[in-house]
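# Survey of secondary and tertiary structure
Chain residues, written in single-letter form:
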Amino acid sequence: MHHYNNRNGPERDLYTLKDDNGCPAIAWNPVNCNINSAWSQIEELKDKMRDHQKDGFEFLWKNIGASFKRDGNHIGGCILAHPPGTGKSLLIISFLKSFMHLNSWSRALIVAPKNMLLPWQNEFGKWNANINVHLLRSVKAKPSLEYLKIISEWHHTTSVLIITYGLFAKLTDERTAAKKLEYHNIGKLLLYIPDLLVMDEGHVPRRNYSKLRKSISRVRTWGRILVSGTLFQNNVHELFNSLYLARPNFLYGLDVPYLNERYFFSLKSVCSSLSVSP
């Protein structure tokens, strides 16, 4: 497993990172600090947060912000299941600001529905997050050059990139990449750069057999936050997909039979290993 601590040292080669088995490595080594250190980074925002948001912040820090052993369910990834209108954006922005101030090497990727890109950008400005925000949107004229320019700016600064689900799926789709080499390179950057992944309206990518779900699953980071007010609706497959998107290793240690190309499992056992903030 390849580790790195900051971006002032040797530059990461996003195309050649490998683990001991020759597979792409996940670079994930957050600073080890307590919750008081995390709060100290956002004192001006803490005063504006309600009790449930403060609880949610500590929940995110416990699951993602703190250092974890690289085994089993001790590796981050969680679901924030707050209903609409409860201030999820302030909570997410507060966590990102705290984490990224303590880990200046980190880069965050927010994937959201098309109509949420500008609201997210406005929320960062509203709360004076002091974080550079880049929007990646579909363009018609020389799209590859524009995409690479924005992604390069994101990669070289402590910043957040916001992209639509549709464009993310298009740029990371293996079949599209096979036809356009420039999309292959862009897709790799989107899959390898993020240290934090926020999936807004997390019910969008959880559908079975969708290209989007497969693409999201390939992002090489443990720091995943799935944000959804509707975790599942009487569909156990969608629940499984949501859990898998947030924490791909959540079934570690469970005896899960494989049948008809589908995973079947004890919902009680699975939920006992899940971290969800209500």
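Cut-offs applied
- Residues numbered from 1 in each chain as written.
- Predicted model: local features only at pLDDT ≥ 70, side-chain atom pairs only at ≥ 80, totals over all residues.
- Heavy atoms only, no water.
- Core = buried A, V, L, I, M, F, W, Y, C linked by side-chain atoms within 4.5 Å.
- Buried < 20%, exposed > 50% of the residue type's maximum accessible area, 1.4 Å probe, protein only.
- Helix = DSSP H or I, 4+ residues; strand = E, 2+ residues; numbered from the N terminus.
- Contact = heavy atoms within 4.5 Å.
- Phe/Tyr/Trp six-rings, centres within 6.5 Å; stacked < 30°, edge-to-face > 60°.
- Lys NZ or Arg CZ within 6 Å of the ring centre and 35° of its normal.
- Expected span 1.5 Å × (residues − 1).
- Axes fitted to C-alpha atoms, helices over the stretch in contact; angles between N-to-C directions.
- Left-handed = near helix turned anticlockwise from the far one by under 90°.
- Nonpolar A, V, L, I, M, F, W, Y, C, P; charged D, E, K, R; others polar.
- Pairing = 2+ DSSP bridges.

I92, F95, L96, F124 and V160 are the most contacted members of the largest nonpolar core, which totals 39 residues. Considering each element in turn, this core owes the most residues, eight residues, to helix α4 (residues 88-102). Setting aside chain neighbours within four positions, we find I92 in contact with L60, L80, W120, V198, I225 and V227. Counting 33 residues, the second largest nonpolar core, distinct from the first, contains V111, I151, L191 and V219.

Next up on the list: helix α11 (residues 236-246). Counting buried positions along α11 yields eight of 11 residues, so the element is predominantly enclosed. All of the buried residues along α11 are E238, L239, F240, N241, S242, L243, L245 and A246.

Attention shifts here to the packing of aromatic side chains. Tallied over the entire structure, the rule returns eight aromatic pairs. Measuring from ring centre to ring centre gives 5.9 Å for F95 and F99, while their planes differ by 35 degrees; the resulting arrangement is tilted. Here F99 and F95 lie together in helix α4, a separation of four residues that amounts to about one turn. When its relative accessible area of 0% is taken as the criterion, F99 is described as buried. A network of ring pairs unites the aromatic residues W39, F57, W61, F95, F99 and W105 as a single cluster. When the ring centre of W39 is taken as reference, the NZ or CZ atom of K46 above it lies at 4.7 Å.

Once that is clear, we can look at helix α3 (residues 51-65). Here α3 spans 19 Å end to end across 15 residues, near enough to the 21 Å set by a 1.5 Å rise per residue. Here α3 has its buried residues at Q53, G56, F57, F59, L60, W61, N63, I64 and G65.

Right, let's get into the packing of α4 against helix α5 (residues 117-126). As a packed pair, α4 and α5 sit with axes 10 Å apart at the nearest point and diverge in direction by 65 degrees. In this structure, α4 crosses over α5, and the sense of that crossing is right-handed. Contact with α4, carried on its side by S89, I92, I93 and L96, involves W120, E123 and F124 of α5 and no other residues of that element. By residue class, the composition of the contact of α4 with α5 is five nonpolar, one polar and one charged.

Checked against the element boundaries, I93 lands in helix α4. Between the C-alpha atom of I93 and that of F124, which follows or precedes it by 31 residues, the distance is 6.9 Å. The residues contacting I93, other than those within four sequence positions of it, are W120, E123, F124, W127 and A129.

With that settled, consider the pairing of strand β5 (residues 196-199). In β5, alternate side chains face the same way, and those of L196 and V198 on one face and L197 and M199 on the other are all buried. Pairing of strand β2 (residues 108-112) with β5 involves four bridges; the strand directions are parallel. Bridge assignment links I110 to a residue of β5, and that residue is V198. With four bridges connecting them, β5 and strand β6 (residues 223-227) associate as parallel partners. Bridged to L197 within β6 is R224.

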